[in-house]
Every structure is written in structure tokens, then in C-alpha cells.
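# Survey of secondary and tertiary structure
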Amino acid sequence: MSDIPGLLDSIKLDKNSKIPMYMQLCNNIKEMIQQGILLPDFKLPSVRQFRDSLKINQVTVVSALKLLENEGYVYTKQGSGTFVSRSIPPASYNVSGDANPISDELYQQDDTFLISNGQIKIGANTVNFASATPTPDLFPVEDFRKVLDEVLERDRGNAFGYQDSQGFYPIRESILRILHKSNIATTPESIQIISGAQQGIDIISKALLAQGDYVVTESPTYTGALAVFKSRGAHIVDVEMLEDGPDLDIFEYNIKKYRPKLVYSIPSFQNPTGYSYSNRKRKEIINLSAKYDFYILEDDYVSDLDFENRNYLPLKAIDTHDRVIFIKSFSKIFMPGLRLGFMIVPSKLTNIILQAKHTTDISTSGLIQRAFDLYIREGYWDRHFKFMFNIYKERYLKITQALDSYLPAGVRFSRPGGGLNIWLNLPYGFPIETLIRQAASEDIVFAPGRIFYSSPHVQKLDNIRLSFASVYIEQIEDGIRKLCDMISRLGNSKGENRRIPLL
Ligand SMILES: Cc1ncc(COP(=O)(O)O)c(C=O)c1O
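Residues numbered from 1 in each chain as written. Predicted model: local features only at pLDDT ≥ 70, side-chain atom pairs only at ≥ 80, totals over all residues. Heavy atoms only, no water.

## Focus: the site of the ligand
Quick reminder of the rule: The cutoff for a nearby residue is simple: one of its non-hydrogen atoms must lie within 4 Å of the molecule or strand. Contacts described as polar in this section are N or O atom pairs within 3.5 Å, which, within protein, must combine one atom able to donate a hydrogen with one able to accept it, while residues neighboring in sequence count only if both atoms come from side chains. Here, Shrake-Rupley sampling with a 1.4 Å probe gives the accessible areas, and only protein chains in the shown set may cover a residue.
With respect to spatial proximity, 13 residues lie near the ligand, and among them Ala197, Asp299, Ser329, Ser331 and Arg339 are the closest. Gln198 places a main-chain nitrogen or oxygen 2.8 Å from an oxygen atom of the ligand. Measuring from an oxygen atom of the ligand, one finds a side-chain N or O atom of Ser331 at 2.5 Å. With the chains in place, 95% of the 400 Å² that the ligand exposes on its own is no longer accessible.

## Thoughts on the environment of Phe334
Stated precisely, the cut-off is as follows: In this text, helices come from DSSP runs of H or I with a minimum length of four residues, and strands from runs of E with a minimum of two, each type numbered from the N-terminal end. It only takes one pair of heavy atoms within 4.5 Å for two residues to be counted as in contact.
The topology assignment puts Phe334 in the loop between β11 (324–329) and β12 (341–344). Taking the C-alpha atoms as reference, Phe334 lies 9.6 Å from Thr133; in sequence the two are 201 residues apart. Sequence-distant contacts of Phe334, that is, excluding residues within four places in its chain, are made with Pro134, Phe139, Pro140, Phe144, Phe372, Tyr375, Trp381 and His384.

## Describing the sheet that holds strand β16 (residues 463–467)
Put simply, the test is: When DSSP finds at least two bridges between two strands, those strands are taken to pair. Axis angles are defined between N-to-C directions and span 0 to 180 degrees, where every axis is a line fitted to C-alpha atoms and, for a helix, only to the segment in contact.
Reading across from one edge, β5-β15-β16-β14-β13 is the order of the five strands in this open sheet, with mixed pairing throughout. The sheet is open, and its two borders are formed by β5 (127–129) and β13 (412–413), each paired with just one other strand. Pairing of strand β15 (residues 444–448) with β16, which is carried by two bridges, proceeds in the antiparallel orientation. Across the sheet, residue Ala447 finds its bridge partner in β16, namely Arg465. Each of β5, β13, β14 (421–425) and β16 touches helix α13 (residues 380–406); the most contacted strand, β14, lies at about 15° to it.

## Some words on unusual backbone geometry
The step from Ser219 to Pro220 runs through a cis peptide bond, and the omega angle for that step is 5°. Structurally, Pro220 is set in the loop between β7 (214–219) and α8 (223–231). Cis geometry is found at the peptide bond from Asn271 to Pro272, where omega equals 15°. Structurally, Pro272 is set in the loop between β9 (262–265) and α10 (279–292). With phi around 65°, Ile362 is a residue other than glycine that occupies positive phi space. With respect to the helices and strands, Ile362 occurs in the loop between α11 (350–361) and α12 (366–377). Here Asp443, not a glycine, exhibits a phi torsion of approximately 65°, which is positive.

## Looking at the packing of α12 against α13
How we decide: When an angle is under 35 degrees it counts as roughly parallel; over 145 it counts as roughly antiparallel; between 65 and 115 it counts as roughly perpendicular; any other value is oblique. The nonpolar class holds Ala, Val, Leu, Ile, Met, Phe, Trp, Tyr, Cys and Pro. Asp, Glu, Lys and Arg form the charged class, and all remaining residues, Gly among them, are polar.
Packing of α12 against α13 brings their axes to within 5 Å, and their N-to-C directions diverge by 80°. Taken together, the axes of α12 and α13 lie roughly perpendicular to each other. In this structure, α12 contributes Phe372, Tyr375 and Ile376 to the contact, and α13 contributes Tyr380, Trp381 and His384. For the contact of α12 with α13, the per-class residue count stands at five nonpolar, one polar and no charged.

## Side note on the sheet that holds strand β6 (residues 191–194)
Pairing is mixed across the open sheet formed by seven strands, whose spatial order is β6-β12-β11-β10-β9-β7-β8. The open sheet is flanked by β6 and β8 (235–240), the only strands paired with a single partner. The sheet shows a mean angle of 20° between the axes of neighbouring strands, taken without regard to direction. Relative to β9, β7 is paired through three bridges, and the arrangement is parallel. The residue bridging Thr217 from the neighbouring strand is Tyr264, located in β9.

## Let's talk about the environment of Arg323
Worth spelling out the cut-off: Residue exposure (1.4 Å probe, protein chains only): buried if accessible area is under 20% of the type maximum, exposed if over 50%, otherwise partly exposed.
With respect to the element layout, Arg323 can be found in the loop between β10 (295–300) and β11. Classification of Arg323 by relative accessible area gives buried; the value is 10%. Excluding residues that lie within four positions of it along the chain, Arg323 makes contacts with Ser289, Ala290, Asp293, Phe294, Tyr295, Ile296 and Pro346. One polar contact links Arg323 to Asp293, side chain to side chain, over a distance of 2.9 Å.

## Looking at the packing of aromatic side chains
Threshold: Geometry of aromatic contacts follows a simple scheme: Phe, Tyr and Trp rings, the Trp one being its six-membered ring, pair when their centres are within 6.5 Å, and the pair is stacked under 30 degrees between planes, edge-to-face over 60, tilted otherwise. Only Lys NZ and Arg CZ are tested; either one counts as a charge over a ring when it is within 6 Å of the ring centre and within 35 degrees of the ring normal.
A complete count under the given rule lists 23 aromatic pairs for this structure. Where Phe229 meets Tyr264, the ring centres are 5.6 Å apart and the plane angle is 70°; that geometry is what we call edge-to-face. On the criterion of sequence distance, the pair formed by Phe229 in helix α8 and Tyr264 in strand β9 is long-range, its members being 35 residues apart. No difference in accessibility class separates Phe229 from Tyr264, as the two residues are buried. Seen from the ring of Phe83, Lys77 lies directly overhead, with NZ or CZ sitting 4.8 Å from the centre. Directly above the ring of Tyr295 sits Arg323, whose terminal nitrogen or CZ lies 4.6 Å from the centroid.

## Thoughts on the pairing of β7
When you tally the buried positions in β7, you get five out of six residues, the bulk of the element. Pairing between β7 and β8: six bridges, direction parallel. Among the inter-strand pairings, Val216 is bridged to a residue of β8, identified as Val237.

Such coordinate-based values are descriptive only and should not be taken to indicate function.
Here's what the structure looks like:
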């Protein structure tokens, strides 16, 4: 059992408190783990030892340990006992104070700690490299108010009736205008309006996947999509995301072996890596979809944030076999809370996808669709897009410049050319959880790479994702300099009982 003398003695429980005993016990242990008193893989006392020493009920102990396990603080080994997790939930998620709740993919992931906490809280001065979502001060509230007023005046009650499940026809026409730069040729009849890209992924999974089906995804990938595929009981086959897209030999091997119905792909400025498929891989993957009869779900969440003119072709633009379901999110450029996006659907799938949309929410809000249609038609969208593009580009240039200046030798990143994320590769075995805690104590937050993997078996622990969507330009250089100093110190010190050479 515990080789820390007095561990059980230091646990303080108050029988008169309104907080249930199992929660008090859970909080006591959690604090010791967060403070580094209990280190990874440390074996906790047995249930009986807790029970006898603390004079509490066995059920109380079991419930506390279960809660700790659900929250990711401990793991159990059948027949051996309970141990402290190797990667504990980052302390930054507890940052409180004068806080704004930030809603993004970080808490859609399969991490019960985050879900049970409900939201990540970020203080007013936090340097937020964690959220890949724009901040509310950038939302075009005044312009949107104008189009909303105009729609209410023009459409009156019609804006509030049930809408066509496929979407308000005029907005499907307007979307063709937004698409003109992407080289995608389509018609309003192939467009399906959705309440955000996340709903699109869910609807497609509902329409195409049955329990036990296989889905091939990049690894790492967007956690919200992984959560959907898991919720449908699908098996996820991971193919490593390289700097120019997945290795296609490995990809084809997996396709032959598992015969998936669906491949989930973020080909441009992928989340979380920022990497993009080369145009050659794009063409090959389209050919493979016809050869092996699978559909590709192309998740386009930021392809238009192409700061270095890489001019990647969307898969849908070269989809000669009508095998690509293209999903477009507006959340990163517009206002994520509107819950609006669209899909371009292969003709063979329009009916089943329409049915799945209907059973999900009948239709996306008619008021929001009408207002957004007017927003595009009156030219606001083009203006707002340019505004956001310039802001993000400025931040992109600043963060890449700061990383070039301050990153210690041995830490790598590959310039993505666009998007909102940068993926840092730290040396093998780097104490990332300690970095998270130290950074949080300086009010700097970021996403640990581990959360973007489908399971602990494929999880890599040497990466972090830095997003620049929510960080202000004035904070970037100082934030990166501090973070790099911490990385350097941790890499060269004997902290956490090990020495990790950064070179
Ligand atoms: C790759 C990717 N796809 C989809 C989404 C969800 O977008 P939406 O807000 O449109 O549902 C996100 C959000 O972070 C994302 O990163």
C-alpha cells in the first residue's frame, strides 16, 4: 500500500458537513494528486485500509474511488488495486474567478472530468491558447441585428413556422456564392442545412452507421467526431496524420482489412495538428473511395483561412465519383452559438440524410436561416470574412514568429500555412502534465495532445495544441516566451524525477 507515511492520517473528513462523505474523500485525494504529493502510478491504500483507518463505510470508499476514476485521476488494475493516473486532468480546467465559460470542442471529448465540470472557465487575463473558437468581441452583432430586424419586418410569422427540413431555399442559393472560391460545383438541391457541423457529423453517422461498423479516422483528430462515432457503437480505425496527410499504404491496408462505410477526414489545416493533405493524396483518396466503396466525410471547418496561399483543393471539388459528403462549419469565422452550417450530399444519400435530419430536429431555426441568407445577400458576409481573416492572419504570423524565436531546440512544429492550430512536438517523455500545471499558475492555458486520440492505446503524450483563435495579439509574444521558458526549464531540470534532454 501507500509508501507515503501519514497519507491516511492527512485525510480530513467532516461528518457534519453538507458535502457527502464520498465526495469529501474524493476531493482530499484529488488535491493530493493535483499538488503532486501522490505521483503517477502510485498505489492507493486498499478499500479496507481506507475504511478501517477513516472509520467510514465501505460503500463510501468505493464511491469515492469510482468518482476519481470517472474523472480520470486514478485507474484500477483488476486484482491489484487503484493507482494514480499517468495523465491527470489539467489543473487549468479548474481556473475560476471572474470567468467566461468558453464553449468549444475541448469539452465534447470523452473525458468525464470535463463533462462533469461542464465547461472550461477562463479568467479575464488568461492567455488562452486552448480554445479554437473566436471570442464574442469579434462577433458582428450590430450587422446581424439589422438583418434580423429586416427579416422580422419582411417575413413576420413565417420566420417562426416549421421550415423545410432540407433548409430555406434562398439560403441554399446564397451558399453557392460563398462556395465560388472553393471550385466546388453544386446546386441548391444537393445542399442540406444543418445546425452546426457537429450535427452534420451526427446525422451522417445516424444515416450510415450501425453498431459494430468501422470508421477510419485520422489520428489524432477532432474529439467531437470521435464522440459521435463511439456513441453509435462504431469501431474506430486510426491512421496517423502525417504532415502531408495519412500514409496511404497504411490507409489502404486498413480499408481492405476493415471495409469501413465511412472515412472521416479534415483535409485542410486539420484539427488538432494544423496539417493538410497534399493534392496528390487528395486525388488518391478519392480514387480509393470508388475502388473500395466507402464514403468520405470531409469536415471543412477552416479551409478558407489559407494565410500562405497553399490553395488546397477540397475533396468535394475533385469528387468525380460522388463519394464525398462535404460539411462546412461557420463557427470559426462567424458566431458558433448560431448553430448553422451546411452539407453537400451525394445524390444517392440525399433521402436518407434528409430523413435523419428530420428525425433529429425537423429543421434548423428558420429565423436564423433567413437572417443569415440576408447577411450573405447584403454583402455583410464577405466583409466580415475579410475582417476575421486579417485578424487571424495577424495572430498566425505573430505566433509562428514567436515560436521561431523562443522554442528551445528539440521541440518542433510544422508551419501549417493556415487554420487556427499549431501542433508542438515535444521530446518523448516530456512532463506535459507538469507543464500544464505550471502554465496554469501563470494564467496560460493550452490543450494537451492526448485528448485528441480515440483511445489510450493509441494516445501519444508528447504533443500540445496551441490555438490562436481566442488569444489577443498583445498576449501572444509574451505568452509564447513564457511557455517556451517553462518548456526549456522543465526539459533541462530534474523535475518529476527525470531528465529529458531537449536536444
Ligand atoms: C474539425 C471540427 N469540426 C466540426 C466542429 C464543430 O463545428 P460546429 O460549431 O459548426 O458544430 C469543430 C469545432 O470545434 C471542429 O473543430
